[in-house]
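The primary structure of each chain is shown beneath.
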2 protein chains.
Amino acid sequence: MGSPIEDLLAVLPGDRVRTDPAVLAAHCRDEADLCDAGTPLAVVRPRSTAEVAAVVRVAAAHRVPVVPQGARTGLTGAANAVDGALVVSLTGLNRILELDAGERIAVVQPGVVNAQLRWAAAEAGLAYPPDPGSWESSTIGGNVSTDAGGMCCVKYGVTREYVLGLEVVLADGEILRCGRRTVKGVAGYDLTGLFAGSEGTLGIITEITVRLRPAPGETRTVVAVYPAMAAAGRAVAAIVAAGHVPSMLELLDRTHLRAIEAYRPMGLDTSAAAMLLAATDTGTGTELAAIAECCRQAGASELYVAEDAVEAEALTSARRLAHPAMEHLARQAFPGGRGGLVVDDVAVPRARVADLVDGVEEISARHGVLVGVVGHAGDGNLHPVIVVDRADESSVDRGRLVFDEIMRLGLALGGTCTGEHGVGLLKKDWLAREIGPVGTKVHRALKTALDPDGIFNPGKVIALP
Amino acid sequence: MGSPIEDLLAVLPGDRVRTDPAVLAAHCRDEADLCDAGTPLAVVRPRSTAEVAAVVRVAAAHRVPVVPQGARTGLTGAANAVDGALVVSLTGLNRILELDAGERIAVVQPGVVNAQLRWAAAEAGLAYPPDPGSWESSTIGGNVSTDAGGMCCVKYGVTREYVLGLEVVLADGEILRCGRRTVKGVAGYDLTGLFAGSEGTLGIITEITVRLRPAPGETRTVVAVYPAMAAAGRAVAAIVAAGHVPSMLELLDRTHLRAIEAYRPMGLDTSAAAMLLAATDTGTGTELAAIAECCRQAGASELYVAEDAVEAEALTSARRLAHPAMEHLARQAFPGGRGGLVVDDVAVPRARVADLVDGVEEISARHGVLVGVVGHAGDGNLHPVIVVDRADESSVDRGRLVFDEIMRLGLALGGTCTGEHGVGLLKKDWLAREIGPVGTKVHRALKTALDPDGIFNPGKVIALP
């Protein structure tokens, strides 16, 4: 046994074992602000399952931590390096191995970009629904590891619901294949569901079998503008109560409307308190008309129904600009690269959406910290976006206070600390509060059972004793 | 510490700690034929989570096995007693604790009967889709523990997809609450999914939070009769390929048609090779008409479209009679209680359904054992039903050979050894073959992590070393 690097060079070519400081620096963090990131020992780029297994065996032999990475678009620090770790970049495993239109399944490597799978499915007349905001750049491996969501979830659910089977490299370098290729199957423990969403703490996912859906009908969209947040909340409640199943039901608050209009003027009503965007994809106008009526009756000051898919896409683009617009706002508010955004992610019972938004507003005002709220009102999953001045310690401290108060409020409303972004580093303490000591004990038991030496993504998700 | 019974009597009233032989005998097995069943030490009937926890603590202190039971309608021996075990009957925990129509969730105790939840949901204008054949008598706890399926799965999926959260009594008597009440949530490992489908080997489920759906539209049904199984297979493939999403797509073979007609004459064509039943519940006739056209083009010799829900239900009743009709057939073939049925459960890729049926027919003929095939063609999940003479050792042996050959065929076709019934005792060896040594090792590691002394349902699901 040589040094870890020597042993890695025995299993991977030199150009795929990188130790140059620029490469290490480029791979030390994901897109979460305010999360710690260490300096890795090396960044390795395996191109096959066998190479991943070989790398893990080297890491296991040396008890060196292993941090799997995809496109590093995560928002919780789950992919951040820890000191002395091997960062295993899976972006080189980027092939769609199979797409079987008859069975409606695809088998992909973890480095396949969400958009790449989405397009391949569409070409086969099918759909891969999960659509995290990062869909144009994030990888399926990362999506599965964080159990990513998106705007589709209100109708189609999160990533885990599309994962039928996995291949996973375990902590001893052995290769597990779990799950199935059939539509249906209940054989044994749900290992697939356990590894999905485990954020790289239990193994490295090297192959994913996903289920696809028939392509939906044409998307139709309605936009409703409200003078008060409570009215938008009533519209959401009415849509749900009537049993409608929109394919999208998004909420933007005034801060976001103003940020978007400042970033890309499109005639948004910046005096409004909230805007709802709802869509259907059944291909008929009936359900959308009924949803629009719910929006109107709840007190919309303005209502606009898109006549076709092109108009629908134009309306949705305002929603898609929410994140870049808030980044722009942060840059304007705190120039010189000081502006930071903490994108929170909390899911509450649908009936409490308006309470959450009101509470966030109160917290924001009390601490003098700008917080915009955007998100998936239809499933109660909102993203309060906290704007901080990274160069000002007191601004960062107040940002953290606001973050914690929002988390506390979310749990008090019967919610969860993460609807779709995962735990990572950002929410480790809040996960522990949410699941309590027994839940934490069970998490630790499972982690220890599958990764006894704790080499996989240490310090993420669960606080070990 | 006294004897186990003395200690149980300290935590439960005497009438809920039963040791009389008749009660023990009545609780020693589920509905699976040809599975071993032991004699329990006692049958206990807790009425609260605290009482379940107290019972588990007694069992843990004495290292006495614990076998949880619901309605004992399972088909794999998962609920069979083992010698000296405490059978914990959960049927006394039978309350619907909450049904929140706005959030579309229900919180129920494990002893709630599937039909009870179904009716409560319907009264609130909602639906609880999972519909195992035993829905009128099986409990939600049992449904969750086995991850039960049903006819709805082709559109709505298996039980696990409806379980949002659980309360579970762990092996040390501690009470875990996992999952969520929100539509969306990805906090931590998917413990809910892990306990669901674990067949009582990891803990005792004492409370279940399920998601409900908006009530579907009126059901419309089409029946198609085929002179050859391959034609029925083509119809299924065409329906799937066209992107239709039937709410039911069931197949009955000639053996079942004849058994049903003999049991309850209803004018079925007993010369046909197969019958398909398809339904839609979108409330419009459009999709059903398109499905009927697929059925016709595949070569149906007869096609019948139900005009309304009453007619649709009449057509479906033939399918519902499949199991009692085969029991009747077994009683007729082997009088005096000798007739036994082994209900197999195998799921294959949808395109291989006809291959599976053909293969079963060949196996049946070669061994001279009657096997009927019925099941959920739309998701590739079929039930070959093997008829044996329990009093004739050679008949039973041939039945086992047929069972094993069908399992082998299912795996060879890319399938899984269980689509919806679970593993229990019946398929322990086949699970091991399906998941291989690494999968088995991971199962054992998880079992040991959560139940180090192996008190929960020992000998079920996984073969321990």
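Scoring rules and cut-offs
One numbering rule holds for all chains: residues counted from 1, following each sequence as written. Labels are handed out in written order, letters beginning with A for the chains and numbers beginning with 1 for the ligands. Totals for whole chains, interfaces and linings use every residue, but because this is a predicted model, local features are given only for residues with pLDDT of at least 70 and side-chain atom pairs only at 80 or more, for both listing and counting. Side-chain numbers here rest on the full set of heavy atoms in the structure, without hydrogens or water. When the copies are superposed, the least-squares fit takes in the C-alpha atoms of residues with a pLDDT of at least 70 in both. Throughout, a residue-residue contact means that at least one pair of heavy atoms, one from each residue, lies within 4.5 Å. The quantity reported as buried area is the accessible area (1.4 Å probe) lost by two parts once they are put together, taken as the sum for both. A side-chain nitrogen of Lys or Arg and a carboxyl oxygen of Asp or Glu constitute a salt bridge if their distance falls within 4 Å. Definition of a polar contact: a pair of N or O atoms within 3.5 Å, with one able to donate and the other able to accept a hydrogen when the atoms are protein atoms, and with sequence-neighbouring residues admitted only if both atoms are side-chain atoms. The helix and strand labels rest on DSSP assignments: H or I over at least four residues marks a helix, E over at least two residues marks a strand, and numbering proceeds from the N terminus. Here the term buried applies to any residue with accessible area under 20% of the maximum for its type, exposed to any over 50%, and partly exposed to those in between, with areas from a 1.4 Å probe on protein chains only. At least two bridges found by DSSP between two strands are what make those strands a pair. Each axis is a line fitted through C-alpha atoms, and for a helix only the stretch in contact is used; angles between axes span 0 to 180 degrees, taken between their N-to-C directions. Here a pair means two rings of Phe, Tyr or Trp (six-membered ring of Trp) with centres within 6.5 Å. Their orientation is stacked below 30 degrees between planes, edge-to-face above 60, and tilted elsewhere. We call a charge positioned over a ring when the NZ of a Lys or the CZ of an Arg lies within 6 Å of the ring centre and within 35 degrees of the ring normal. Helix span, expected: 1.5 Å multiplied by one less than the number of residues in the helix. This arc corresponds to the set of directions leading from the helix axis out to the C-beta atoms. UniProt positions are given in the numbering used here, feature names are shortened, and annotations may be inferred rather than shown by experiment. Angular relationships are summarised with four words: roughly parallel below 35 degrees, roughly antiparallel beyond 145, roughly perpendicular across 65 to 115, and oblique for the angles in between. We call Asp, Glu, Lys and Arg charged. Ala, Val, Leu, Ile, Met, Phe, Trp, Tyr, Cys and Pro are nonpolar, and the rest, Gly among them, are polar. What makes a crossing left-handed is the near helix being turned counterclockwise from the far one by less than a right angle; a clockwise turn instead makes it right-handed.

Asker: Just to check I follow, could you spell out the relation of the copies chain A and chain B for this structure?
Answerer: Two copies of one chain are present, and they are related through a rotation about an axis combined with an axial shift. Laying chain A over chain B is done by rotating through 180° and shifting 0.0 Å along the axis; what remains is an RMSD of 0.0 Å. Expressed as a symmetry operation, the mapping of one chain copy onto the other fits a two-fold axis. Here 100% of the contact residues of chain A are again contact residues in chain B; the copies associate through an equivalent surface.

Asker: I tried to follow the interface of chain A and chain B on my own but got confused; where do I start?
Answerer: Often, the extent of an interface is quoted as the loss of accessible area upon association of its parts. In this assembly, 70 residues from chain A lie in contact with 70 residues from chain B. Carbon and sulfur atoms make up 62% of the area that chain A and chain B hide from each other, which totals about 5,400 Å². Per-residue buried area on chain A facing chain B is highest for K184(A), V186(A) and Y189(A); these three make up 18% of the total on that side. Between D190(B) and R160(A) there is a salt bridge, with its nearest N and O atoms 3.6 Å apart. At the boundary of chain A with chain B, the tally comes to 20 residue pairs in polar contact (both at pLDDT 80 or more). Among the secondary structure elements, those contributing two or more residues to the side of chain A that touches chain B are β9 (175-179), α7 (191-195) and α15 (428-450) of chain A.

Asker: Explain the side chain of H421(A) to me, please; I cannot follow it from the model alone.
Answerer: Its place among the elements puts H421(A) in the loop between α14 (393-412) and α15. Take H421(A): its relative accessible area is 15%, and that puts it in the buried class. Ignoring any residue separated from it by four or fewer positions in sequence, one finds H421(A) in contact with L75(A), T76(A), T146(A), V343(A), D344(A), D345(A), H383(A) and V186(B).

Asker: Just checking my understanding: could you explain the pattern of salt bridges for this structure?
Answerer: Where charged atoms from two side chains of opposite charge approach closely, those side chains can pair. A full pass over the atoms with the stated rule returns 50 salt bridges over all chains. K441(B) is the partner of E174(A) in a salt bridge, and the nearest nitrogen-oxygen pair spans 2.3 Å. Here E174(A), found in the loop between β8 (163-169) and β9, pairs with K441(B), found in helix α15 (residues 428-450), and the two come from separate chains. Of the charged contacts, one joins D147(B) and R160(B) as a salt bridge, the two residues approaching to 3.0 Å between their closest N and O atoms. Of this pair, D147(B) sits in the loop between α5 (140-146) and α6 (153-156) while R160(B) is found in the loop between α6 and β8 (163-169), placing the two residues 13 residues apart along the sequence. The class for D147(B) is buried, based on a relative accessible area of 1%.

Asker: What is the right way to look at the sheet that holds β8(A) in this model?
Answerer: Two pairing modes exist for strands in a sheet, parallel and antiparallel, and in both the strands are linked by backbone hydrogen bonds. Residue and element names in this part refer to chain A. Spatial ordering of the open sheet is given by β5-β6-β10-β8-β9, a layout of five strands whose pairing is antiparallel. Each of the sheet's edge strands pairs with one partner strand only, and the pair in question is β5 (96-100) and β9. The mean angle between the axes of side-by-side strands here comes to 10°, regardless of whether they run parallel or antiparallel. Two elements, β8 and strand β10 (residues 204-211), share six bridges in a ladder whose sense is antiparallel. Bridged to G165 within β10 is T209. Contacting β5, β6 (105-108) and β10, helix α4 (residues 114-123) crosses the sheet at an angle of about 30° to β5.

Asker: What is the right way to look at the packing of aromatic side chains in this model?
Answerer: Each aromatic ring pair is described using two quantities: the centre-to-centre distance and the angle formed by the ring planes. Overall, the coordinates contain two aromatic pairs over all chains when judged by the stated rule. Judged by centre distance (6.3 Å) and plane angle (75°), the ring pair of Y128(A) and Y162(A) falls under edge-to-face. In this pair, Y128(A) sits in the loop between β7 (126-127) and α5 (140-146) while Y162(A) sits in the loop between α6 (153-156) and β8, placing the two residues 34 residues apart along the sequence. You'll find Y128(A) and Y162(A) in the same group, each marked buried. The ring centre of W430(A) lies 4.1 Å from the NZ or CZ of R433(A), which sits over that ring. Cation over ring: R264(B) sits above Y263(B), and NZ or CZ is 4.6 Å from the ring centre.

Asker: How should I be thinking about helix α11 (residues 309-320) of chain B in this particular structure?
Answerer: One full turn of an α-helix is made of 3.6 residues, so residues set three or four places apart face in the same direction. Residues and elements named next belong to chain B. The end-to-end C-alpha distance of α11 is 16 Å, a good match for the 16 Å that twelve residues give at a rise of 1.5 Å each. Taken together, the buried positions of α11 are occupied by A312, L315, T316, A318 and R319. The arc that holds every buried residue of α11, seen down its axis, measures 135°, which confines them to one face.

Asker: Explain the UniProt feature "domain: FAD-binding PCMH-type" (unreviewed entry) in chain A here, please?
Answerer: As annotated in UniProt, the feature "domain: FAD-binding PCMH-type" (unreviewed entry) corresponds to residues 36-215 of chain A in the numbering used here. End-to-end, the C-alpha atoms of residues 36-215 of chain A are 41 Å apart, and along that stretch the chain is 22% helix and 24% strand.

Asker: Can you walk me through the environment of K184(A) in this structure?
Answerer: Its place among the elements puts K184(A) in the loop between β9 and α7. Take K184(A): its relative accessible area is 2%, and that puts it in the buried class. Spatially, the C-alpha atom of K184(A) lies 41 Å from that of D253(A), the residues being 69 residues apart in sequence. In terms of polar contacts, K184(A) uses its side chain to reach the side chain of N381(B), at 2.9 Å.

Asker: Is there a simple way to think about the sheet that holds strand β2 (residues 42-44) of chain A in this case?
Answerer: Residue and element names in this part refer to chain A. With respect to topology, four strands assemble into an open sheet ordered β1-β2-β4-β3, the strand pairing being mixed. The open sheet is flanked by β1 (17-18) and β3 (66-69), the only strands paired with a single partner. By the bridge criterion, two bridges tie β1 to β2 in an arrangement that is antiparallel. Residue V17 lies in a different strand from β2, and its bridge partner there is V44.

Asker: Help me understand the packing of helix α9 (residues 254-263) of chain B against helix α12 (residues 322-333) of chain B in this model?
Answerer: In a pair of packed helices, the angle between the axes and the distance between the axes together describe the arrangement. All names here are of chain B. The N-to-C vectors of α9 and α12 enclose an angle of 80°; their axes lie 8 Å apart at closest approach. As summarised for this structure, α9 and α12 are arranged roughly perpendicular, according to the angle between their axes. Taking contact as the criterion, the partners of T255, H256, A259, I260, A262 and Y263 in α9 are, on α12, A322, P324, A325, M326, H328 and L329. Class assignment for the residues of the contact of α9 with α12 results in nine nonpolar, three polar and no charged.

Asker: Looking at this structure, how should I read the packing of helix α13 (residues 353-367) of chain A against α14(A)?
Answerer: Residues and elements named next belong to chain A. Contact geometry of α13 with α14 gives a least axis separation of 10 Å together with a crossing angle of 155°. In terms of orientation, α13 and α14 fall into the roughly antiparallel class. Pair α13 / α14 crosses with right-handed handedness. Judged by residue contacts, L356, G359, V360, I363, R366 and H367 of α13 engage R398, L401, V402, E405, I406, L409 and G410 from α14. Split into classes, the residues belonging to the contact of α13 with α14 amount to seven nonpolar, three polar and three charged.

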